[in-house]
Every structure is written in structure tokens, then in C-alpha cells.
Amino acid sequence: MMANLNKRVDSNIINTTTGDRLRFGYDPNIKSDPVLASRIVKIAISQEGNHEVGRSDCGSTIARYFVPHSCGQPWCAYFATWVLMQAGADIPQMGGALNVENYYKNHFKPSRWMQTPQPGDVFTVRSSSGSGRHIGIVVGVNGDGTFDSVEGNAGKAVRYYKHWRRISEAVGFGRPL
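Every residue gets a number counted from 1 within its own chain, in the order that chain's sequence is written. Owing to the predicted nature of the model, reporting of local features is limited to residues with pLDDT of at least 70; listing and counting of side-chain atom pairs is limited to 80 or more, with chain, interface and lining totals taken over all residues. Where side-chain values are given, they derive from all heavy atoms of the structure, hydrogens and water being excluded.

With reference to specific residues and values, describe the pattern of salt bridges.
Should a side-chain nitrogen of Lys or Arg be within 4 Å of a carboxyl oxygen of Asp or Glu, the pair is scored as a salt bridge. The final tally for this structure, using the stated rule, is six salt bridges. Measuring nitrogen to oxygen at the nearest pair gives 3.7 Å for the salt bridge that ties Glu 52 to Lys 156. Taken together, the positions of Glu 52 in the loop between helix H1 (34-46) and helix H2 (76-87) and Lys 156 in the loop between strand E7 (146-151) and strand E8 (159-166) put the pair 104 residues apart, joining distant regions of the chain. Each residue is placed in one exposure class: buried if its accessible area under a 1.4 Å probe, protein chains only, is under 20% of its type's maximum, exposed if it is over 50%, and partly exposed if it falls in between. With relative accessibility at 11%, the residue Glu 52 sits in the buried group. When its relative accessible area of 48% is taken as the criterion, Lys 156 is described as partly exposed. As a salt-bridge pair, Glu 169 and Arg 165 come within 3.1 Å of each other at their nearest N and O atoms. Glu 169 gets classed as partly exposed once you look at its relative accessible area, which sits at 36%. Take Arg 165: its relative accessible area is 8%, and that puts it in the buried class. Connected through salt bridges with shared partners, the residues Glu 101, Lys 105 and Arg 133 form a single ionic network. The numbering of helices and of strands both runs from the N terminus, where a helix is a DSSP run of H or I of at least 4 residues and a strand a run of E of at least 2.

Listed below in C-alpha cells is the structure:
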């Protein structure tokens, strides 16, 4: 059994081996449930190619991601939370990548917002303007510092990207349970 190397000091966690100061409630040792992660990855990949039809952010192949909400708004977070819910993860349907990020940071104690990815995690990145967020699902982690992802509302469709995103560009990773 591995000893816990983290010690609480005021509102921070200190790794007693490295001296690194971690965010309150953050436990870098939280692992993915392999069965849940596998279901998330399988469901996410199965949605590849679904796309908008007609007016922006709408269409019959993506409408399921919005239920019970209405289409016509950015849908990357609706897609990600729909996949997680279909796989059995503990998360409500929600829009807004930042809302999902805050859910993983604040809903669970310890926080399930991580700095390193595992398949089945959600991730956020800053939008090109820097003021917003985009979210997707990690479906693979590569030895070259990149990860594979499936993302909704990526070029008006669900897309599967291989070796496209660098781990360092992600704001962080939400670990489902």
C-alpha cells in the first residue's frame, strides 16, 4: 500500500516528498474507473460525424445532446455531458465548458479536476479569443505529450482528433465517477 505523500497546510495541500503546493482538495492519485472510462470512450467515438443541419448549432443528428434544453447554442459541453451521462457518470446535463470545469473542481471533495489526462476524462482549453472555453473527451494519451480527443461542436460536428492537442494546452482534466 502506497503512503499518502500529501499533507494539508492551511488551505493548501503540500506533497511531502517534492514540496509542491497543490490546490485545496486536489489528489493527484485519483485514477479513472476503467470500466466507466471504456464506456465513455466507446460512446464518444460512436458519435463521430454527427453534425449540424440547417441553422447554426442545431440539427437532427445533434438534437439528442441538448435534451431537455433546446438547440441553437454552442453545444460542446452538452455533447460531453451527454456522453458522460450515457456511460453512467455522475454528472448532470449542462451547457458551457466552464460550467463543467467548475463542476469537477467544486462538486467533489477531493476535487476531480486533474492536471494529467486519462482516457475517459473531459478536458477544457481556452478558446482562441482567450475569454471562453471549449470542452472535449480524452480518448487516448500518447507518449509524445499529446492526447487524442473526441469533441462536439468542432467545425459544426463531432470530430475525432489524434495527436492533435498537447497536454500542456489544456486548462485541466475532469475525472468522471
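I'd like a description of the state of the cysteines, backed by residues and values.
In what follows, a disulfide is any cysteine sulfur pair within 2.5 Å. Counted by the stated rule, this structure contains one disulfide. Across the disulfide from Cys 58 sits Cys 71; the S-S distance is 1.7 Å. Of this pair, Cys 58 sits in the loop between H1 and H2 while Cys 71 sits in the loop between H1 and H2; the two residues are 13 residues apart in sequence, bridging distant segments of the chain. The exposure class of Cys 58 is buried, given its relative accessible area of 8%. In this structure Cys 71 comes out as partly exposed when scored by relative accessible area, which is 21%.

Before we move on, can you summarise the packing of aromatic side chains with the specific residues and values?
Each aromatic pair joins two rings of Phe, Tyr and Trp (for Trp, the six-membered one) with centres within 6.5 Å, and gets the label stacked for planes under 30 degrees apart, edge-to-face for over 60, and tilted for any other angle. Under the defined criterion, the tally for this structure stands at ten aromatic pairs. Centre to centre, the rings of Tyr 161 and Trp 164 are 4.2 Å apart; their planes meet at 20 degrees, and the pair counts as stacked. On the accessibility criterion, Tyr 161 (18% relative accessible area) is buried. Overall, Trp 164 belongs to the partly exposed group, its relative accessible area being 46%. These aromatic residues form a ring-pair network of at least three members: Tyr 65, Trp 75, Phe 79 and Trp 82.

Tell me about the packing of H1 against H2, residues and numbers included.
Only the stretch in contact is used when a helix axis is fitted, and all axes are lines through C-alpha atoms; the angle between N-to-C directions ranges over 0 to 180 degrees. Between H1 and H2, whose axes approach to 9 Å, the crossing angle comes to 130 degrees. When the interaxial angle is binned, H1 and H2 end up oblique. Helix-helix and strand crossings are classified by hand; for H1 and H2 the assignment is right-handed. Here H1 contributes Leu 36, Arg 39, Ile 40, Ile 43 and Ala 44 to the contact with H2, which in turn contributes Phe 79, Trp 82, Val 83, Leu 84, Gln 86 and Ala 87. Looking at the contact of H1 with H2 residue by residue, the class counts come to nine nonpolar, one polar and one charged. For classification purposes, angles smaller than 35 degrees are called roughly parallel, those larger than 145 roughly antiparallel, those between 65 and 115 roughly perpendicular, and all remaining angles oblique. Crossing handedness is defined as follows: a turn of the near helix away from the far one that is anticlockwise and smaller than a right angle gives a left-handed crossing, while the clockwise case is right-handed. Here, residues are in contact when the closest pair of their heavy atoms is within 4.5 Å. Three residue categories are used. Nonpolar comprises Ala, Val, Leu, Ile, Met, Phe, Trp, Tyr, Cys and Pro, charged comprises Asp, Glu, Lys and Arg, and polar comprises the others, including Gly.

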